[in-house]
Amino acid sequence: MILCATKPLAAAVAVALLSCESAVAFSSSNSNNLGGLARIRSTTSKKYSIQRRQQQPQPTSTTLYLGDFFNFGKPKQEEEEETAPTPEEEAAQTGYVDNDDPIEKIFGIFFGKKEAEPMGMKRFGQERFPEQYPAVLDEWADPVVGDDKEMALLRPLLKNTNLETRNLRLTYDANRDGWDPTIFHSKVDKQGGAIVFCTTRAGIQCGGYNPKGWVGYGEARGSIAAFLYILGGKYAAPGAPAIKLRKVGGPGLAQMDLPESGPSFSPDALVIPLGKEGKLARSKLGSYYERLPDGTNSLFGKDGSVQLRDLKVYHGVYEEGEYIPFTDAEPFALY
């Protein structure tokens, strides 16, 4: 009975085991198939995602500047290949000057561009008004037809002065006219700017340029363009005809226009009294005119005063009726 009962039980167990193996095999097979399917779907999804990204427009970066906010919404102008006109060309075409500094440009926003010739009047500048600036030290005037030998010596010194291109005439010669202040003023007063030329007994050739001339009213006449000079010598640069010494301390007291005295460049830089002091000349540099490069404070070297051999004054030639500048008193002149 036991054996009979055991056989059917063993058969049932065998059937159950076979069923489990089949189920496990089926499960494993399905699992492998699902994993492969998942991998296929994942790969397909990635390819599709890459294609979509490639088809979509990519964003671009843009750099904005301050001026872009003022031109926002306006079409961008293409850059022109032609070069921009120079300020001079633009001024000739439009009548406006556009070489202003930043401050002037700001004012130009409110008041408009600066005109080249406002109301028909030319602007102030060194080319038109050279004697409103200090004397040039390293430029020399070109020769002028009609100059004699002595004028040709002095002509280079007159660069950027009112006499640069004007013919010269000898208005005062102390040896010819007399070493007297009254005679001196009778010859030079109200003749405009002039250049003084003197020679010492030692042979030093020197003098000065007086842009305002003389009128004999006993006033101090100022000018930043006044200068003293020494022709040749050790102080002149190689190739230069002379050394020039600028006015210092502002334009004031460039020339002491005293009726009782001859030419006096400041109270002490170059003073030629004339009269009872004869041919005496004194020089002390530093207070009103530059010293020499080595610190020497006299046009005459180690000597503070010397005796002159000659003294001459040259003025410009003006046509009859032509305006001669600086022929009257300047009680309020600060230039």
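Before reading further, recall that the structure is shown in the block above.
Computed from a predicted model, the values in this text were never measured in an experiment. (Residues numbered from 1 in each chain as written. Predicted model: local features only at pLDDT ≥ 70, side-chain atom pairs only at ≥ 80, totals over all residues. Heavy atoms only, no water.)

On to helix H7 (residues 181–188), then. When we look at burial in H7, the residues that qualify are Pro181, Phe184, His185 and Val188. Projected down its long axis, H7 carries its buried residues within an arc of 90°, all on one side. Exposed residues lying more than 90 degrees from the buried face of H7 are Thr182 and Ser186. Buried residues belonging to H7 abut strand S3 (168–173), strand S9 (255–257) and strand S13 (305–316). The N-capping residue of H7, defined by a side-chain oxygen 2.9 Å from the backbone nitrogen of Thr182, is Asp180. At the C-terminal side of H7, Lys190 shows a positive phi close to 60°. (Buried < 20%, exposed > 50% of the residue type's maximum accessible area, 1.4 Å probe, protein only. Helix = DSSP H or I, 4+ residues; strand = E, 2+ residues; numbered from the N terminus. Arc of directions from axis to C-beta. Contact = heavy atoms within 4.5 Å. Polar contact = N/O pair within 3.5 Å; in protein donor to acceptor, adjacent residues only side chain to side chain.)

Each regular strand carries side chains that alternate between the two faces of the sheet. The buried fraction of strand S8 (residues 242–246) amounts to 4 of the 5 residues, a majority that puts the element mostly inside the structure. With 5 bridges joining them, strand S7 (residues 227–231) and S8 adopt antiparallel strand pairing. When the sheet's bridge partners are listed, Phe227 is paired in S8 with Arg246. (Pairing = 2+ DSSP bridges.)

This part is about the packing of aromatic side chains. Counted by the stated rule, this structure contains 4 aromatic pairs. Centroid distance Phe184 to Trp214: 5.3 Å. Interplanar angle 80°. Geometry classified as edge-to-face. In this pair, Phe184 sits in helix H7 while Trp214 sits in the loop between strand S5 (205–210) and strand S6 (219–221), placing the two residues 30 residues apart along the sequence. Among the aromatic side chains, those forming a connected cluster through ring pairs are Tyr172, Phe184 and Trp214. Across the ring face of Phe227, the terminal group of Lys244 is positioned such that the distance to the ring centre comes to 4.4 Å. (Phe/Tyr/Trp six-rings, centres within 6.5 Å; stacked < 30°, edge-to-face > 60°. Lys NZ or Arg CZ within 6 Å of the ring centre and 35° of its normal.)

Among the structural elements, Ser261 can be located in the loop between S9 and strand S10 (264–265). Residue Ser261 is classed as buried on the basis of its relative accessible area, which comes to 10%. Ignoring sequence-local partners within four residues, the contact set of Ser261 consists of Pro181, Phe184, His185, Ile272 and Pro273.

It is worth spelling out the side chain of Lys247 at this point. Looking at the element boundaries, Lys247 is found in the loop between S8 and S9. This buried residue, Lys247, is left without a salt bridge; Asp268 holds the nearest opposite charge, at 9.0 Å. Leaving out residues up to four positions away in the same chain, Lys247 has contacts with Ser223, Ile224, Ala226, Gly252, Leu253, Ala254, Tyr288 and Tyr289. (Lys, Arg positive; Asp, Glu negative; His and termini not counted. Salt bridge = Lys/Arg side-chain N within 4 Å of Asp/Glu carboxyl O.)

To continue, consider the nonpolar core. If you look at the biggest cluster of nonpolar residues, it comprises 32 residues, and the most contacted ones within it are Leu228 and Leu311. Those elements giving two or more residues to this core turn out to be H7, strand S4 (194–200), S7, S8 and S13. Looking at which element gives the most residues to this core, the answer is S13, with 4 residues. Those residues within four positions of Leu311 in sequence are excluded, and the remaining contacts are Tyr172, Asp173, Ala174, Trp179, Val196, Phe197, Cys198, Pro263, Ile272 and Leu274. Within the second largest apolar cluster, 16 residues are counted, among which are Phe227, Tyr229, Leu231 and Tyr318. (Core = buried A, V, L, I, M, F, W, Y, C linked by side-chain atoms within 4.5 Å.)

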